[in-house]
Amino acid sequence: MNFEIKQILIDSIPILAVTGYFSEETGKKMDQIVTDLLQKDYKHIIIDFSNCKIVNSPGVAALVEIAMKTVDDFDGKLIIFGIDTLKESVFFMAGIFSLVSLAQTQEEAIKKIKKDQNSSK
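Residues numbered from 1 in each chain as written. Predicted model: local features only at pLDDT ≥ 70, side-chain atom pairs only at ≥ 80, totals over all residues. Heavy atoms only, no water.

**Description of the overall build of the protein**
The test is simple: A helix here means a DSSP run of H or I that spans at least four residues, while a strand means a run of E at least two residues long, and both kinds are numbered starting from the N terminus. When we talk radius of gyration, it's over C-alpha atoms, and the globule rule is simply 2.2 Å times the number of residues to the 0.38. Here's how the labels work: a residue is buried when its accessible area is under 20% of the maximum for its type, exposed when over 50%, partly exposed in between, all with a 1.4 Å probe on protein chains only. What makes two residues a contact is simply this: any of their non-hydrogen atoms within 4.5 Å. The Shrake-Rupley method, run with a 1.4 Å probe sphere, supplies the accessible areas, and residue values consider only the shown protein chains as cover. Lys and Arg are tallied as positive, Asp and Glu as negative. Neither His nor the chain termini are counted. Charge placement uses NZ in Lys and CZ in Arg. For Asp and Glu, CG and CD serve respectively.
Tallying secondary structure elements over the protein gives four helices and five strands in all. Reading the helices (α) and strands (β) of the protein from amino to carboxyl end gives β-β-α-β-α-β-α-β-α. In terms of overall size, the protein behaves like a compact globule, its C-alpha atoms giving a radius of gyration of 13 Å where 121 residues would be expected to give roughly 14 Å. The principal-axis extent of the C-alpha atoms belonging to the protein is close to 40 × 25 × 25 Å. By the burial criterion, 41% of the 121 residues in the protein qualify as buried. In the protein, once contacts between residues fewer than 6 apart in sequence are set aside, the share between residues at least 24 apart is 65%. With an accessible surface of roughly 6700 Å², the protein has 50% of that area assigned to carbon and sulfur atoms. Separation of charge centres in the protein, based on 14 positive and 17 negative side chains, amounts to 4 Å.

**Examining the pattern of salt bridges**
Here is the rule we go by: Definition used for salt bridges: Asp or Glu carboxyl oxygen within 4 Å of a side-chain nitrogen of Lys or Arg.
Tallied over the full model, the rule gives six salt bridges. The closest approach of N and O atoms between Asp36 and Lys40, which form a salt bridge, is 3.2 Å. The class for Asp36 is partly exposed, based on a relative accessible area of 34%. Judged by relative accessible area, Lys40 falls into the exposed class, the value being 55%. The closest approach of N and O atoms between Glu108 and Lys112, which form a salt bridge, is 3.8 Å. Here the residue Glu108 and the residue Lys112 both occupy positions in helix H4 (residues 106-120), the gap between them amounting to four residues, near one helical turn. Judged by its relative accessible area of 29%, Lys112 falls in the partly exposed class.

**Side note on the packing of aromatic side chains**
Going by this rule: For Phe, Tyr and Trp, rings pair up if their centres lie within 6.5 Å, where Trp contributes its six-membered ring, and each pair is then called stacked (planes under 30 degrees apart), edge-to-face (over 60) or tilted (otherwise).
Here the structure, examined in full by the defined rule, presents three aromatic pairs. Between Phe49 and Phe91, the aromatic rings sit 5.6 Å apart at their centres with planes inclined by 65 degrees, giving edge-to-face as the arrangement. With Phe49 in strand S3 (residues 44-55) and Phe91 in helix H3 (residues 85-93), this pair connects stretches of sequence that are 42 residues apart. A relative accessible area of 1% means that Phe49 is categorised as buried. A residue is classified by how much of its surface remains accessible, and Phe91, at 0% relative accessible area, is buried. Taken together through their ring pairs, the aromatic side chains of Phe22, Phe49, Phe91 and Phe97 make up a single cluster.

**So, the nonpolar core**
Put simply, the rule is: Residues enter a nonpolar core if they are buried and are Ala, Val, Leu, Ile, Met, Phe, Trp, Tyr or Cys, with the set joined through side-chain atoms within 4.5 Å.
Ranked by internal contacts, the top residues of the largest apolar core, which has 26 residues, are Leu16, Met30, Ile47, Phe49, Ile80 and Phe91. Going through the elements one at a time, strand S2 (13-22), helix H1 (24-39), S3, helix H2 (57-73), strand S4 (77-81) and strand S5 (100-103) are the ones with two or more residues in this core. Here Ile80 is in contact with Ile47, Phe49, Phe91, Phe97, Val100, Ser101, Leu102 and Ala103, once residues within four sequence places are set aside. Listed in part, the nine residues of the second largest apolar core include Ile13, Ala109, Ile110 and Ile113.

If you want it as structure tokens, here you go:
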């Protein structure tokens, strides 16, 4: 299945925009990107699912692994936004929200990260 992950920086915060189908293959690519960012000391990462149509079970499992690595191994934080109600319920059942914060918009996600960064100083 086709997918694309675009990476942009806004205020030194990486935003990863997923387009298409989030499968195991997408998860592997996302894991590479997130690991690279974490190793470069970007501890706060936003994932945009606005243009992601489908997340399959292996994709959900990959997202859980990415979240666990970010939070547990690097003491980082992931915020996701742009999910519909189906993805929200699937992510909830998979336990993703115990590791990842949810925002409604990119602006809200950036504000949450800035607030977290300021409180950690």
